[in-house]
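# Topology and contacts: notes
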Amino acid sequence: QVQLVESGGGLVQAGGSLRLSCAASGDIFSINSMGWYRQAPGKQRELVATITSGGSTNYADVVEGRFTISRDNAKNTVYLHMNSLKPEDTAVYYCNAKQYSLVNYWGQGTQVTVSS
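Presented here is an overview of the structure given in this document. This structure is a prediction, so every number in the text was calculated from the model and none was measured. (Residues numbered from 1 in each chain as written. Predicted model: local features only at pLDDT ≥ 70, side-chain atom pairs only at ≥ 80, totals over all residues. Heavy atoms only, no water.)

## Considerations on the overall build of the chain
Heads up, the condition is: Numbered from the N terminus, helices here are DSSP runs of H or I no shorter than four residues, and strands are runs of E no shorter than two. What the globule rule says is 2.2 Å times the number of residues to the power 0.38, and the radius of gyration is computed from C-alpha atoms. With a 1.4 Å probe rolled over the protein chains alone, any residue whose accessible area is under 20% of its type maximum counts as buried; one over 50% counts as exposed, and the rest are partly exposed. The contact criterion used throughout is that any non-hydrogen atoms of two residues lie within 4.5 Å. Using a 1.4 Å probe, accessible areas were evaluated by the Shrake-Rupley method; residue-level cover was limited to the displayed protein chains. Just so you know, the count uses Lys and Arg for positive and Asp and Glu for negative, and it drops His and the chain ends. In plain terms, the charge of a residue is placed at NZ if it is Lys, CZ if Arg, CG if Asp and CD if Glu.
When helices and strands are counted, the chain shows zero helices and 11 strands. Starting at the N terminus, the α and β elements of the chain follow one another as β-β-β-β-β-β-β-β-β-β-β. Relative to the compact-globule value of 13 Å for 116 residues, the chain shows a C-alpha radius of gyration of 13 Å, a close match. Oriented by its inertia axes, the alpha-carbon framework of the chain measures out at about 40 × 25 × 25 Å. Taken over 116 residues, the chain has a buried fraction of 42%. The long-range share in the chain, meaning contacts at least 24 apart out of those at least 6 apart in sequence, stands at 53%. On the chain, roughly 6000 Å² of surface is accessible, and the fraction owed to carbon and sulfur atoms is 48%. Of the side-chain charges in the chain, 9 are positive and 8 negative, and the distance between the mean point of each set is 2 Å.

## Brief notes about the state of the cysteines
Quick reminder of the rule: The disulfide definition used here is simple: a pair of cysteine sulfur atoms within 2.5 Å.
Per the counting criterion, the structure on display carries one disulfide. Put simply, Cys 22 and Cys 95 are joined by a disulfide, and their sulfur atoms are 2.0 Å apart. Sign of the S-S torsion, about -80° for the bond between Cys 22 and Cys 95, identifies this disulfide as left-handed. In this pair, Cys 22 is assigned in strand E3 (residues 18-26) and Cys 95 in strand E9 (residues 91-99), connecting sequence segments 73 residues apart. Using a relative accessible area of 0% as the deciding quantity, one classes Cys 95 as buried.

## Regarding the pairing of strand E8 (residues 77-82)
Inclusion rule: In this scheme, strands are said to pair when DSSP sees at least two bridges between them.
Most of E8 is tucked away, with five of its six residues classed as buried. As paired elements, E3 and E8 share six bridges and run antiparallel to each other. In the sheet register, Arg 19 faces E8, and the bridge partner there is His 81. Note: strand E7 (residues 67-72) against E8, six bridges, orientation antiparallel. Bridge assignment links Ser 70 to a residue of E8, and that residue is Tyr 79. Linking E7 to E8, which pair antiparallel, is a turn of four residues; within it Asn 76 sits at a positive phi near 50°.

## Quick word on the nonpolar core
Heads up, the rule is: Side-chain atoms within 4.5 Å are what join buried Ala, Val, Leu, Ile, Met, Phe, Trp, Tyr and Cys residues into a set we call a nonpolar core.
Membership of the largest hydrophobic core comes to 30 residues, with the highest contact counts inside it found for Leu 4, Met 34, Trp 36, Leu 80, Met 82 and Tyr 93. For this core, the elements supplying multiple residues, two or more each, are strand E1 (2-7), E3, strand E4 (31-39), strand E5 (46-52), E7, E8, E9 and strand E11 (110-115). The contact partners of Met 34, leaving out residues within four places of it in the chain, are Leu 4, Cys 22, Ala 24, Thr 50, Ile 51, Ile 69, Val 78, Cys 95, Asn 96 and Ala 97.

## Some details on the sheet that holds E7
Note the following rule: Between N-to-C directions, angles cover 0 to 180 degrees, with each direction set by a line fitted to C-alpha atoms, over the stretch in contact for helices.
Strand order in the open sheet formed by four strands is E1-E3-E8-E7, with antiparallel pairing between adjacent strands. Two strands close off the open sheet at either side, each with one partner strand: E1 and E7. Recorded for the sheet is a direction-independent mean angle of 20° between the axes of neighbouring strands.

## Comments concerning the layout of surface pockets
Any empty space left between the atoms is revealed when a probe the size of a water molecule rolls over them. So the rule is basically this: The rule is simple: put a 1 Å grid over the protein atoms alone, call a set of points where a 1.4 Å probe fits but cannot get out a cavity, call an open set with protein on both sides within 12 Å along at least five of seven lines a pocket, and count a residue as lining if it has an atom within 4 Å of a point. Grid points are joined across faces, edges and corners, and a volume is the space filled by probe spheres set on the points. Gly is put with the polar residues, along with every residue not named as nonpolar or charged; the nonpolar set is Ala, Val, Leu, Ile, Met, Phe, Trp, Tyr, Cys and Pro, and the charged set is Asp, Glu, Lys and Arg.
Its volume calculated, the largest pocket comes out at about 190 Å³. Around the largest pocket sit Ala 24, Ile 28, Phe 29, Ile 31, Met 34, Ser 53, Arg 71, Asp 72, Asn 73, Asn 76, Thr 77 and Val 78, which together line it. Among the elements of the structure, E4, E7 and E8 are those that each provide at least two residues to the lining of the largest pocket. Looking at the lining of the largest pocket, its residues break down into six nonpolar, four polar and two charged.

Shown next as structure tokens:
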């Protein structure tokens, strides 16, 4: 079992920045990759960014160049640094951990609201 606790969401003006954090606990050595997904009202959950245990990263085209995913292995924490935020980035952001067995775990979600 893996537990994920997110923090860092909030309200920001367009063009601003936020940093999301996701702390993992439990069976952390079973985790192959971690990442962030988001879900806006009336839309499906979509990939934002992922980072593997080896440090390889992957980004959705719509956030490439504005968002950066990073990890602190000592703290078992993954971060999402979000810059140049746009109103269309407004969503609930979910932390994800995928085990080597392909089992997925999700955080409770944190709201990000970008005002125009």
